[in-house]
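Structure at a glance
If you want the building blocks of each chain, they are given just below.
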Amino acid sequence: MLSTSSAAVVRATLPAVRAHADAISTTLHASVLAETPVPGGVFNGGNDSTGAQSRALAAVVVAFADHLLGGARVPIGTVLERVAHKHASLGVLPERYAAVGKHLVRAVHDVLGDAVTPAVAAAWEELYLVLATRMREVEAVLYRDAGVDPRHPVTPWRVTHRNAEAEDAVSLLLTPADDTPPPDHRAGQYVTVVVDLPDAGRQARQYSLSCAPGHSSTRITVRRARGAAGAPDGLVSTHLCDRVREGDLLDISHPFGEFVPGPAGGPLVLVSAGIGVTPIAAVVEHLADAGSRRPVIAVHADRNPQRHVLREHVLHHGTRLESFRQWNFYESGATGAVLGRVRTAEIPVPPGASAYLCGPPGFVREVGDDLVRRGVAAHRVHREVLGPELVEIA
Ligand SMILES: Cc1cc2nc3c(=O)[nH]c(=O)nc-3n(C[C@H](O)[C@H](O)[C@H](O)COP(=O)(O)OP(=O)(O)OC[C@H]3O[C@@H](n4cnc5c(N)ncnc54)[C@H](O)[C@@H]3O)c2cc1C
Ligand code: HEM
């Protein structure tokens, strides 16, 4: 908890910090990148280019301040859990928090100038300490339960098979290089993959496991991120799609993530866009393997049928379920399919349903808000965004 005096100072300065969160993020971004060692050597190159990670971090700090002061704008427990899983998959070390905190307070100082008196700086340092302590605790539990030493977050795995998937995507089957069975994951989780690139050094990215647990190998399915408007193509996805061959080794983390529907419970509405179908494919297979009786509605949006990855996988395992319906929405090129974006009004939402949405941030936000408007309880709408998730603080 914050001391009463610090709470009063944070309350008085929160509007200014919130209003300048973007500028604070930019300053934070530059100084963290310059000085703080991070797992894998670097922050995610693509997110670096946009400062998305620092913006996500600053937004969480503001949301946490709001929460401690009694505001309830965002479900802070869920947000911290998500970040902790991401950190654990990257092997963030508890001792790194002090340096990031130093940069954060310096960034607030740089942006707000003389308004940051020693008392203001001390209050925000205290807030950061409360937040960092809570995150370190959550991460310690994740490391302990997974049996992971955060100083060695990845181990070598062998690519046993490569499958070209729909347009611009590839599936890689993977087994631990020491021939032990893959650790059991919970369907919907992801791993961090770390690669050494000749021109860009060591890069870490997350990939959802696209098959159910319990097999002798596991699988990721990767879509090449094409650069738009002259931007370069994605570093790691291009490497995995073009250069990684059967027999190659990849450094891979333990599975983490909380986007995990269990086999018991009410109806499930699973909604994906593009490559966001990967965790959904694992979930549908797992529900079928577990003999789940949950009615499942799978909804997918894609540009066209040629880009629809793992369509047969979802259909095949879906038809093993007691109750399964599939809706596909394509922007073009489909016969017999509904054209256009996902029209949530057309999706039947059974009473008591839980929804799991995975795809780009705008898609997930839009569909999630629509489902809540249609009566799905907000706490039953679970979201996985394929990049740093920006908590809304405005
Ligand atoms: C939990 C989670 C699960 C995920 N699961 C999957 C999955 O199952 N399958 C999958 O394919 N992906 C998945 N992703 C996304 C994946 O982690 C990567 O983000 C994705 O592969 C792109 O990484 P990259 O290295 O290829 O692109 P990066 O090099 O990181 O680039 C990202 C984007 O930024 C653009 N870019 C790069 N440099 C610039 C610049 N200078 N200016 C403007 N734009 C630029 C690139 O064109 C690209 O579109 C997941 C992400 C998360 C967080
Ligand atoms: C209280 C302090 C911190 C907060 C609030 C915080 C918050 C965040 C958030 C919100 C994300 C994006 C998560 C998502 O995918 O949605 C993130 C990712 C990340 N964090 Fe932290 N973080 C903190 C401390 C640290 C520390 C100490 C390190 C290690 C030096 C670190 C390293 C990373 C890395 C490497 C990523 C992934 C970056 C990417 O994929 O672009 N973080 N953090």
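In this text, all values refer to a predicted model and were calculated from it rather than measured experimentally. Along each chain, the written sequence defines residue order, and numbers are assigned to residues from 1. Each chain is given a letter, starting from A, and each ligand a number, starting from 1, according to the order in which they appear as written. Two thresholds apply to this predicted model, a pLDDT of at least 70 for residue-level local features and 80 or more for giving and counting side-chain atom pairs, whereas whole-chain, interface and lining totals are computed over all residues. Think of the side-chain values as coming from all heavy atoms in the structure, minus any hydrogens and water.

In this section: the domain arrangement of the chain. Reported domain spans reflect what an automatic or database domain assignment gives. For the chain, the assigned domains are domain 1 (4-146), domain 2 (154-253) and domain 3 (268-385). Here the C-alpha centroids of domain 2 and domain 3 sit 23 Å apart. Contact criterion: two residues are considered in contact whenever any of their non-hydrogen atoms come within 4.5 Å of each other. On the domain 3 side, the residues contacting the 20 residues of domain 2 number 16 residues. A quick way to say it: buried area is the sum, across both parts, of accessible area lost when two parts are put together, with a 1.4 Å probe. For the pair domain 2 and domain 3, the two sides together bury roughly 1,400 Å², of which 57% comes from carbon and sulfur. Contact with domain 3 buries area across many residues of domain 2, yet Glu167, Ala187 and Arg223 alone supply 33% of it, more than any other trio. Salt bridge, as applied in this entry: a Lys or Arg side-chain nitrogen positioned within 4 Å of an Asp or Glu carboxyl oxygen. Run the count over domain 2 and domain 3 and you get one salt bridge. Between arginine 307 and glutamate 167 there is a salt bridge whose closest N-O contact spans 3.3 Å. In protein, a polar contact means a hydrogen-donor-capable atom and an acceptor-capable atom, both N or O and within 3.5 Å, with residues adjacent in sequence counting only if both atoms are side-chain atoms; elsewhere, any N or O pair within 3.5 Å suffices. Applying the counting criterion to the domain 2 and domain 3 interface returns six residue pairs in polar contact (both at pLDDT 80 or more).

Let's shift gears to the site of ligand 1. Nearness is judged by heavy atoms alone; a residue qualifies as near a molecule or strand once a single heavy atom is within 4 Å of it. Ligand 1 sits among 27 residues. The nearest are Gln206, Tyr207, Pro232, Ser237 and Thr278. Serine 208 places a main-chain nitrogen or oxygen 3.1 Å from a nitrogen atom of ligand 1. Between ligand 1 and the protein, one listed contact pairs an oxygen atom with a backbone N or O atom of proline 232 at 2.6 Å. Protein coverage of the free-state accessible area of ligand 1, which is 970 Å², stands at 79%. With four residues, strand β4 (residues 201-208) is the single largest residue contributor to the shell around ligand 1. For this scheme, ten residues count as nonpolar: Ala, Val, Leu, Ile, Met, Phe, Trp, Tyr, Cys and Pro. Four count as charged, namely Asp, Glu, Lys and Arg, and the remainder, Gly too, count as polar. Tallied by class, residues from the shell around ligand 1 come to eleven nonpolar, eleven polar and five charged. Accessibility throughout is a Shrake-Rupley quantity obtained with a 1.4 Å probe, and a residue counts as covered only by protein chains that appear here. Secondary structure is summarised from DSSP: a helix means a run of H or I of at least four residues, a strand means a run of E of at least two, and numbering begins at the N terminus for each.

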